[in-house]
Amino acid sequence: MTYTHILVTIDQGVGLITLNRPKVLNALNTELIEELVNALEKMDRDESVRVFVITGNERAFAAGADIGEMANETAIQMLLKDQFAVWDRIAHVSKPIIAAVSGFVLGGGCELMMSCDMVIASESTKIGQPEIKLGVMPGAGGTQRLAHAVGKVKAMEMLLTGEPITASEALRYGLINRVVPIEVYLDEALKLARQIASQPPIAVQMIKKAVHKAVGHGLDEGIAYERNCFYLLFASEDQTEGMQAFMNKRKPNFTGR
Ligand code: DAK
């Protein structure tokens, strides 16, 4: 299978997927997400792959879903197309996924990171959910997974201000596993991946599933609620204003309509 927006390699039991739209900070358009999900599912069936690493580049893991792609959609179009539903399939991958992140980890990029099972971050990582600045909110589990990971009050602050946190703060809040110098963040993630790849694969997959049961209570319901709210916000003038302002590189003027 050939891909346009991701790079895929398999080595020593580790399936490495690199998000590859550097000019737009790895903005996650529909095609990229479909490629990512297809690659994960294909390698999930491949016995030579035991663990995944998803990475981007030093400047950006991913700066969120592609704003240009959704800016002009209506609520009904969003609901009917439900094109974002493909994101849900990431949660059904049975082998562990490690995110190796650096730079911007924003919006859908943060949601993708939180869908992974472990996270190694470079010191220059900035993690946030800035959707509020676009007149919308997270739609791929951000409100749910962030609240589970960092607790209510910190999640509220991040979601309502849209301001990112540093890697060391994220470490303190238990959102990521490790912060390392930028030169080695991918190597560290690959080292961890190879260690897990050498463990008994059936036990590895069962542990992943069991841990997901421990942290997944009410998650599906919360995510479905969040997604409906996200789609509904496309009926607001603030969504149009927020996204147009981003694309025209100006400050938005929100009116509460
Ligand atoms: N989409 C499209 N293009 C983006 C982008 C994005 N999210 N982020 C950056 N870019 C593009 C910029 O437009 C710019 O393109 P050119 O102007 O060069 O053509 C290029 O990347 C470089 O960006 P900047 O020039 O802005 O670089 P700066 O260093 O000045 O700023 C920045 C970096 C990351 C602070 C800034 O680019 C920024 O604020 N980006 C937007 C971050 C953001 O708001 N992300 C949230 C997007 S909404 C769902 C699933 C997912 C989602 C929702 C639902 N379901 C399953 C239902 C997710 C939603 C989102 O993520």
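Above this text sits the structure in question.
None of the values given here were measured: they were computed from a predicted structure.

**Student:** So what's going on with the side chain of Ser 102? Which residues, and what values?
**Tutor:** Looking at the secondary structure, you find Ser 102 in the loop between β5 (97–101) and β6 (104–106). A relative accessible area of 0% means that Ser 102 is categorised as buried. Side-chain polar atoms of Ser 102 contact the side chain of Ser 122, separated by 2.8 Å. With residues up to four places along the chain from it excluded, the contact list for Ser 102 reads Asn 57, Glu 58, Arg 59, Ala 60, Phe 61, Ser 122, Ser 124, Thr 125, Ile 182 and Tyr 185.

**Student:** Describe the packing of aromatic side chains, listing the residues and the values that go with them.
**Tutor:** Given two aromatic rings, their pairing is described by the distance between the two centres and the angle made by the two planes. Scanning all chains against the criterion turns up two aromatic pairs. Summarising the aromatic geometry, the rings of Phe 230 and Tyr 231 are spaced 5.9 Å apart at their centres and angled 50° between planes, so their arrangement reads as tilted. Measuring from ring centre to ring centre gives 5.2 Å for Phe 230 and Phe 234, while their planes differ by 70°; the resulting arrangement is edge-to-face. Per residue, the accessibility class of Phe 230 equals that of Phe 234, and both read buried. Every member of this aromatic cluster is reached through a ring pair, and the members are Phe 230, Tyr 231 and Phe 234.

**Student:** Could you give an account of the site of the ligand, naming the residues involved and the relevant values?
**Tutor:** Residues in contact with the ligand amount to 27 residues; listed here are only the nearest, Arg 59, Ala 63, Ala 65, Gly 108 and Lys 249. For the ligand, an oxygen atom lies 2.9 Å from a polar atom in the side chain of Arg 59. Gly 139 is positioned such that a nitrogen or oxygen atom in its backbone is 3.0 Å from a nitrogen atom of the ligand. In the complex, 74% of the free accessible area of the ligand, which totals 1,100 Å², lies under the protein chains. The set of elements that each furnish at least two residues to the shell around the ligand consists of α2 (67–70), β6, α4 (108–115) and α10 (219–232). Split into classes, the residues belonging to the shell around the ligand amount to 16 nonpolar, four polar and seven charged.

**Student:** I'd like to hear about the packing of helix α5 (residues 142–150) against helix α6 (residues 152–161), residue by residue, with values.
**Tutor:** For the pair α5 and α6, interaxial distance at closest approach is 7 Å and the crossing angle is 135°. Considered as vectors, α5 and α6 are oriented oblique to each other. The crossing of α5 and α6 is right-handed. Residues Thr 143, Leu 146, Ala 147 and Val 150 of α5 pack against Lys 152, Lys 154, Ala 155, Met 158 and Leu 159 of α6. Class assignment for the residues of the contact of α5 with α6 results in six nonpolar, one polar and two charged.

**Student:** Pulling in residues and values, what's your account of a nonpolar patch on the surface?
**Tutor:** A cluster of nonpolar side chains, namely Ile 76, Leu 79 and Leu 80, defines an oily patch on the protein surface of about 340 Å² accessible area. Along the chain, the position of Ile 76 falls in helix α3 (residues 75–81). What makes Ile 76 exposed here is its relative accessible area of 54%.

**Student:** Tell me about the environment of Glu 157, and name the residues and values.
**Tutor:** Along the chain, Glu 157 turns up in helix α6. Put simply, Glu 157 and Tyr 225 are 68 residues apart on the chain and 20 Å apart in space, counted from C-alpha to C-alpha.

**Student:** Quick one: what's the story with helix α11 (residues 237–247), residue by residue and with numbers?
**Tutor:** Asp 238, Gln 239, Glu 241, Gly 242, Met 243 and Ala 245 are the residues of α11 that are buried. Tucked into the core, α11 has its buried residues touching α2. Looking one or two residues past α11, Lys 249 carries a phi angle of roughly 55°, positive in sign.

**Student:** Lay out the sheet that holds strand β9 (residues 165–166) in plain terms, naming residues and giving numbers.
**Tutor:** Through backbone hydrogen bonds, the strands of a sheet pair up, either in parallel or in antiparallel fashion. The four strands lie next to each other as β4-β6-β8-β9, forming an open sheet whose pairing is mixed. On the outer flanks of this sheet lie β4 (60–62) and β9, each paired with one strand and no other. In the packing of α4 onto the sheet, contacts are made with β4, β6 and β8 (126–128), and the angle to β6 comes to roughly 90°.

**Student:** Can you break down unusual backbone geometry residue by residue, with the values?
**Tutor:** In this structure, Gln 12 takes a positive phi of about 50° despite not being glycine. By the element assignment, Gln 12 lies in the loop between β1 (6–11) and β2 (14–19). The phi dihedral of Asn 26 is positive, around 60°, even though this residue is not glycine. Assignment of secondary structure puts Asn 26 in the loop between β2 and α1 (30–44).

**Student:** So what's going on with the nonpolar core? Which residues, and what values?
**Tutor:** Core analysis: the biggest nonpolar cluster contains 56 residues, and Leu 19, Met 113 and Leu 175 have the highest contact counts within it. Sort the elements by how many residues they give to this core and α1 lands first, with seven residues. Grouped together as the second largest cluster of nonpolar side chains are 17 residues, Ala 100, Met 118, Ala 189 and Leu 192 included.

Conventions adopted
- Residues numbered from 1 in each chain as written.
- Predicted model: local features only at pLDDT ≥ 70, side-chain atom pairs only at ≥ 80, totals over all residues.
- Heavy atoms only, no water.
- Helix = DSSP H or I, 4+ residues; strand = E, 2+ residues; numbered from the N terminus.
- Buried < 20%, exposed > 50% of the residue type's maximum accessible area, 1.4 Å probe, protein only.
- Polar contact = N/O pair within 3.5 Å; in protein donor to acceptor, adjacent residues only side chain to side chain.
- Contact = heavy atoms within 4.5 Å.
- Phe/Tyr/Trp six-rings, centres within 6.5 Å; stacked < 30°, edge-to-face > 60°.
- Near = heavy atom within 4 Å.
- Areas by Shrake-Rupley, 256 points an atom, 1.4 Å probe, with all protein chains shown as cover.
- Nonpolar A, V, L, I, M, F, W, Y, C, P; charged D, E, K, R; others polar.
- Axes fitted to C-alpha atoms, helices over the stretch in contact; angles between N-to-C directions.
- Parallel < 35°, antiparallel > 145°, perpendicular 65-115°, else oblique.
- Left-handed = near helix turned anticlockwise from the far one by under 90°.
- Patch = residues over 30% accessible without salt bridge, like charges linked within 9 Å, V, L, I, M, F, W, Y side chains within 5 Å.
- Salt bridge = Lys/Arg side-chain N within 4 Å of Asp/Glu carboxyl O.
- Pairing = 2+ DSSP bridges.
- Core = buried A, V, L, I, M, F, W, Y, C linked by side-chain atoms within 4.5 Å.

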